[in-house]
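# Coordinates in review
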Amino acid sequence: MTVAEDVCTETTGVPAGSMPAAGAVAVGTAAQELRLKRGEFAIAVHLGLIRLTVPRDGGRPRVGCDEIERLRSQAGFPEELRERVRTAGTAKGAQQLGISPDRFTKFARAGCLTPITFYLNRYRAIVWLYLADELAGFAARESQLLTGRSPAWLRDRLEGGADCRAVNWRSRRVERLLSLMEDPWARVAVLADTLDPVQLAEVVDDPYERAYLARIRPGPAFGPAGPAWARETTARLMQADEPDEMLWRRVSLITELDNAREVRQAPRPGGDRYAFPCPGTEREPAPDSRADTEPGPASAAVPSPPPAASPIPIPSPGPNPGPSSIPGPVPAHGPVRASTDAAEPAVGLLARIGLRRRTVRAASRRPSPPGRAPFGG
């Protein structure tokens, strides 16, 4: 049994001619009307040859009947459409290029060839597939690589253990999905799918936003298929695993997340759309009428009286009063003193992609503010 990213060999069981006259149909019905297998239909959607309509309520994607009629009215249908989505594995691709399968694999590992999709065979091994049209274009452009000895740059890359197949496939998939998304939060969901849960929580620290991204993330056109182990393997393959790639995805996610937050906030339970303030933008709380005011030059000699009903006596400040060991409300003016030993949140792009923890650890080693009683003292 093979499971794939919508790469299956069976066709749908909907009889031809059952398409309604107007509106939209399910993707299975559309594949049958276009005489495409499910894998071919998924590749056609990925390449932008077939436009899907995603309902606003989050239902399964559908295909408009006018889109089906447009494709069926093209010259050479359906052979021309099926030829544009035809794929080849390592053996057939090597045969098409006139080289050995081992040389074909080296080209793919070095990044000369980019897979269009993959599937998992019965041994749970990843089998990459390539577009036949792209293989023909590669043979026309790089004919010198197909014969003779491999160049030095290719040998050095392979000796270093490079394998660009997964990286190139992810980049191609992400760029294509981003080009199809107009909603800013949908673009964030595409990039969030490339990070593991730990890294995603470091960049998107709001749990409500992470839940919203998980709900709107793009999925296969035909829905999830295959056993649980196959879906887990596919999900891991979609996540960045190279240091440079992970850093680039984190930076891109931060940029798209900031843009989405400017447009609108993510929905919250109960319709509460309160937006947590970004680090460094918190407003000072309103002054408390019972709080002592900071003595200025004119009022330094006149101490402020303590509250009448206060159960704890508050001593009058001296000539150079220091902060009280009991934290009180924040004054209306003057510098805001930290009420705990925690450091202020780090602000900036670099802090959000990996330096936040380092900043907190460095701040924890700072001495306590003057006049502050140590814990337990």
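Residues numbered from 1 in each chain as written. Predicted model: local features only at pLDDT ≥ 70, side-chain atom pairs only at ≥ 80, totals over all residues. Heavy atoms only, no water.

### Focus on the nonpolar core
- Counting residues in hydrophobic clusters, the biggest one holds 22 residues, and the most contacted among them are Ala30, Leu34, Leu36, Phe41, Ile50, Val63 and Ile68.
- Elements supplying a minimum of two residues to this core: α1 (27–33), α2 (38–46) and α3 (65–72).
- In terms of residue count, α2 provides more of this core than any other element does, four residues in total. (Core = buried A, V, L, I, M, F, W, Y, C linked by side-chain atoms within 4.5 Å. Buried < 20%, exposed > 50% of the residue type's maximum accessible area, 1.4 Å probe, protein only. Helix = DSSP H or I, 4+ residues; strand = E, 2+ residues; numbered from the N terminus.)

### Quick notes on the packing of aromatic side chains
- Under the criterion given, the structure shown has six aromatic pairs.
- An angle of 55° between the planes, with centres 6.2 Å apart, marks the rings of Trp128 and Trp169 as tilted. Of this pair, Trp128 sits in strand β6 (residues 126–131) while Trp169 sits in helix α9 (residues 165–180), placing them 41 residues apart in sequence.
- By the ring-pair criterion, three or more aromatic residues cluster together here, those being Phe118, Trp128 and Trp169. (Phe/Tyr/Trp six-rings, centres within 6.5 Å; stacked < 30°, edge-to-face > 60°.)

### With respect to the state of the cysteines
- For the coordinates displayed, the defined rule picks out zero disulfides.
- The thiol of Cys112 is not disulfide-bonded; the next cysteine sulfur, from Cys164, is found 8.7 Å away. (Disulfide = S-S within 2.5 Å.)

### Some remarks on the pattern of salt bridges
- Here the structure, examined in full by the defined rule, presents 18 salt bridges.
- One salt bridge in this structure joins Asp193 and Arg217, with 3.5 Å as the shortest N-O distance. Taken as a pair, Asp193 in the loop between α10 (184–192) and α11 (197–203) and Arg217 in the loop between α12 (207–216) and α13 (228–237) lie far apart in primary sequence, 24 residues in all.
- Each of the salt bridges in this network shares a partner with another, and the network as a whole consists of Arg51, Glu67 and Arg70. (Salt bridge = Lys/Arg side-chain N within 4 Å of Asp/Glu carboxyl O.)

### As for helix α6 (residues 101–109)
- When we look at burial in α6, the residues that qualify are Arg103, Phe104, Phe107 and Ala108. The buried residues of α6 occupy an angular sector of 140° when the element is viewed end-on, so they sit on one face.
- Once α6 ends, the next one or two residues include Gly111, with phi positive near 95°. (Arc of directions from axis to C-beta.)

### As for the packing of helix α5 (residues 90–97) against α6
- Following both chains from N to C, one finds α5 and α6 inclined at 100°, their axes separated by 8 Å at the closest point. As judged from the angle between their axes, α5 and α6 are roughly perpendicular. The residues of α6 that touch α5, namely those facing Thr90, Gly93, Ala94 and Leu97, are Pro101, Phe104 and Thr105.
- Residue classes in the contact of α5 with α6 are distributed as four nonpolar, three polar and no charged. (Axes fitted to C-alpha atoms, helices over the stretch in contact; angles between N-to-C directions. Parallel < 35°, antiparallel > 145°, perpendicular 65-115°, else oblique. Contact = heavy atoms within 4.5 Å. Nonpolar A, V, L, I, M, F, W, Y, C, P; charged D, E, K, R; others polar.)

### Regarding the confidence of the model for the protein chain
- Here the protein chain shows a mean pLDDT of 75. Residues at 70 or above account for 63%.
- In the predicted structure, residues 355–364 sits below a pLDDT of 50 and forms eight contacts with residues beyond four places in sequence or in another chain.
- Note that residues 366–377 has pLDDT below 50 and, in this model, nine contacts with residues that lie over four places away or in other chains. (pLDDT = per-residue confidence, 0-100.)

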